[in-house]
Amino acid sequence: MPHLHLKGDASPVRRVYIPKPGTPEQRPLGIPTMADRAKQAQKPTWGLDADITKCFDRLDHEALLRKLNTAPTLGRQIKAWLQGGLLDQGAWFPTEAGTPQGGPVSPWLANVALHGLEEAIARAFPGRGTPAVIRYADDLVALHPKREVIERCQAVLAEHLRGMGWELKPSKTRITQTLHVEEGEAGFDFLGFNSTVCSHETFAQMDEQLRQQLRSWIRFRHPNKSLKWGDQKDWRGADGRRHFMPRAHGKRLWFHTETPIQRHVKVQGRRTPYDGDEVYWGRRRAHHPGTSKRVARLLRRQDGRCTQCGYAFKAGDGLEVDHRIPRIQGGSDDSTNWQLLHRHCHVEKTARERRRYA
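Quick caveat: nothing in here was measured; it's all calculated off a predicted structure.

A.B. asks: Hey, could you run me through the overall build of the chain in this one?
C.D. replies: When helices and strands are tallied, the chain shows 11 helices and 12 strands. Looking at the 358 residues of the chain, the share that counts as buried comes to 33%. Of the contacts formed within the chain by residues at least 6 apart in sequence, a portion of 57% connects residues at least 24 apart. Counting every atom, the chain has about 23,400 Å² of accessible surface; 52% of that belongs to carbon and sulfur.

A.B. asks: What am I meant to see in the packing of helix 5 (residues 117–124) against helix 6 (residues 147–162) here?
C.D. replies: Two measures define how a pair of helices packs: the angle their axes make with one another and the distance between the axes. At a minimum axis distance of 10 Å, the contact between helix 5 and helix 6 shows a crossing angle of 135 degrees. As far as their axial angle goes, helix 6 and helix 5 are oblique. Seen along the crossing, helix 5 lies across helix 6 with a hand that is right-handed. Between helix 5 and helix 6, the contacting residues are L117, A120, I121 and A124 on the first element and R152, C153, V156, L157 and H160 on the second. Residue classes in the contact of helix 5 with helix 6 are distributed as 7 nonpolar, 1 polar and 1 charged.

A.B. asks: Any chance you could explain the environment of P131 here in plain terms?
C.D. replies: Here P131 lies in the loop between helix 5 and strand 6 (132–136). Spatially, the C-alpha atom of P131 lies 7.5 Å from that of V149, the residues being 18 residues apart in sequence. The contacts of P131, once residues within four sequence positions are left out, are I121, F125, L143, H144, V149 and C153.

A.B. asks: Quick question: what am I supposed to make of unusual backbone geometry here?
C.D. replies: Excluding glycine, a negative phi dihedral is what most residues carry, and trans is how most peptide bonds are arranged. We note that K54 has phi near 45 degrees; this positive angle belongs to a residue other than glycine. You can see K54 is positioned in the loop between strand 3 (46–51) and helix 2 (61–68). For D303, which is not glycine, the phi torsion reads 55 degrees and is therefore positive. Its place among the elements puts D303 in the loop between helix 10 (293–301) and strand 11 (319–323).

A.B. asks: Help me understand helix 4 (residues 106–114), please; the structure alone is not making it clear to me.
C.D. replies: Side chains three or four residues apart in an α-helix point the same way, a direct result of the helix having 3.6 residues per turn. Counting buried residues along helix 4, 7 of its 9 residues qualify, which places the element largely inside the surrounding structure. For helix 4, every residue scored as buried is listed here: S106, L109, A110, N111, V112, A113 and L114. Residues of helix 4 that are buried in the fold lie against helix 2, helix 3 (72–82), helix 5, strand 6 and helix 6. Once helix 4 finishes, G116 follows within two positions and takes phi at roughly 95 degrees, a positive value.

A.B. asks: Hey, could you run me through the sheet that holds strand 7 (residues 139–144) in this one?
C.D. replies: One open sheet holds the 4 strands; their spatial order is 6-7-3-8, and the pairing between them is antiparallel. Either end of the sheet is taken by a strand with one partner, and the two such strands are strand 6 and strand 8 (174–177). Averaged over all pairs of adjacent strands, the angle between their axes in this sheet comes to 20 degrees, without regard to strand direction. With 6 bridges joining them, strand 3 and strand 7 adopt antiparallel strand pairing.

A.B. asks: Hey, could you run me through the confidence of the model for the chain in this one?
C.D. replies: Caution is warranted with low-pLDDT regions, since their predicted coordinates should not be read in detail. Across the chain, pLDDT averages 79, with 80% of residues at or above 70. By mean pLDDT, helix 1 (residues 34–41) is the weakest element of the chain at 61, and strand 12 (residues 338–342) is the strongest at 93.

A.B. asks: Sorry if this is basic, but what is going on with the nonpolar core here?
C.D. replies: L48, L64, I121, L157, L161, M164 and W166 are the most contacted members of the largest nonpolar core, which has 35 residues in total. Those elements that provide at least two residues to this core are strand 3, helix 2, helix 3, helix 4, helix 5, strand 7 and helix 6. Looking at which element gives the most residues to this core, the answer is helix 6, with 6 residues. When near neighbours in sequence (up to four residues on either side) are disregarded, I121 contacts T130, P131, V133, C153 and V156. Among the nonpolar cores identified, the runner-up in size contains 11 residues, and A286, A296, L299 and L341 belong to it.

A.B. asks: What is the right way to read the side chain of H144 from this model?
C.D. replies: When you line up the elements, H144 lands in strand 7. Of the polar contacts made by the side chain of H144, one reaches the backbone nitrogen of K146; its length is 3.0 Å. Residues in contact with H144, not counting those within four places in the same chain, are T45, W46, G129, T130, P131, V149 and I150.

Rules and cut-offs
- Residues numbered from 1 in each chain as written.
- Predicted model: local features only at pLDDT ≥ 70, side-chain atom pairs only at ≥ 80, totals over all residues.
- Heavy atoms only, no water.
- Helix = DSSP H or I, 4+ residues; strand = E, 2+ residues; numbered from the N terminus.
- Buried < 20%, exposed > 50% of the residue type's maximum accessible area, 1.4 Å probe, protein only.
- Contact = heavy atoms within 4.5 Å.
- Areas by Shrake-Rupley, 256 points an atom, 1.4 Å probe, with all protein chains shown as cover.
- Axes fitted to C-alpha atoms, helices over the stretch in contact; angles between N-to-C directions.
- Parallel < 35°, antiparallel > 145°, perpendicular 65-115°, else oblique.
- Left-handed = near helix turned anticlockwise from the far one by under 90°.
- Nonpolar A, V, L, I, M, F, W, Y, C, P; charged D, E, K, R; others polar.
- Pairing = 2+ DSSP bridges.
- pLDDT = per-residue confidence, 0-100.
- Core = buried A, V, L, I, M, F, W, Y, C linked by side-chain atoms within 4.5 Å.
- Polar contact = N/O pair within 3.5 Å; in protein donor to acceptor, adjacent residues only side chain to side chain.

In structure tokens, the structure reads:
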């Protein structure tokens, strides 16, 4: 946020009162202005905003295929995609390097080519002073409090890219300060975002705005009543908290902070879906946002494997929860009687049980 400057001034904080859960008392809060909150949260950091020259056009095919080191069938298919040539106004031209920028697989191939970059930088900066590196396809940034570390990081990055047929583009690669204007503009954009904010903090701010709007609504509806009277009438205690519920035993208003926050779990180190570690990828399905809590629990308990066939669950496999002891035979619906099976394994098990108990 380049327009924020530390000038030695500050605005008065706004006093607001929020109810204490389970008591009639109210807790006073001091809310700084948005500008002061932003200034207090800023921490100066140096950043490397890197740009790869013609990333998708100059990718070295042989270096990429060596790094893939995948199954022969998949390797031959990827090589065919890379070297299939291109048609331009009816004329065919060979593709000796690069990958089609409009192809769905191209960002993935670029990520494969950049794989190992974090480890190369970690080796160059052992200990706790390693720069933070964030990358996706041809977008890459590195962050560290010291400029000299970022300058050395740029040299390590350039050497790593050379092995894949790449180089940094001088006109678009720059070292910048994230807070103060040192050279050109402060800060940088990455994947269209200039900064990241914790969801819980954002929801808390939205809840505070909502409470102010509700208080204004109470004043509008009851102009001859005090705000304390309106709070006692429309805010009711439940579950140890006070909720906005204008009618007794009616529906209450849900706040943003009550929304469950699901964090993304980053893939470990050099892991890929083709490394043969089926247990790791089976367990990882437990962290997928679309996986229910019950299935996630069983995935962790079973180490990501089906208890019938013993094979690991893979992306796209149909999963079904089964009762180890069938309910018709007195089995309980308790979690200790649950197991996670492939859909086809579940069908086979059910067929066997029907024949057995027929």
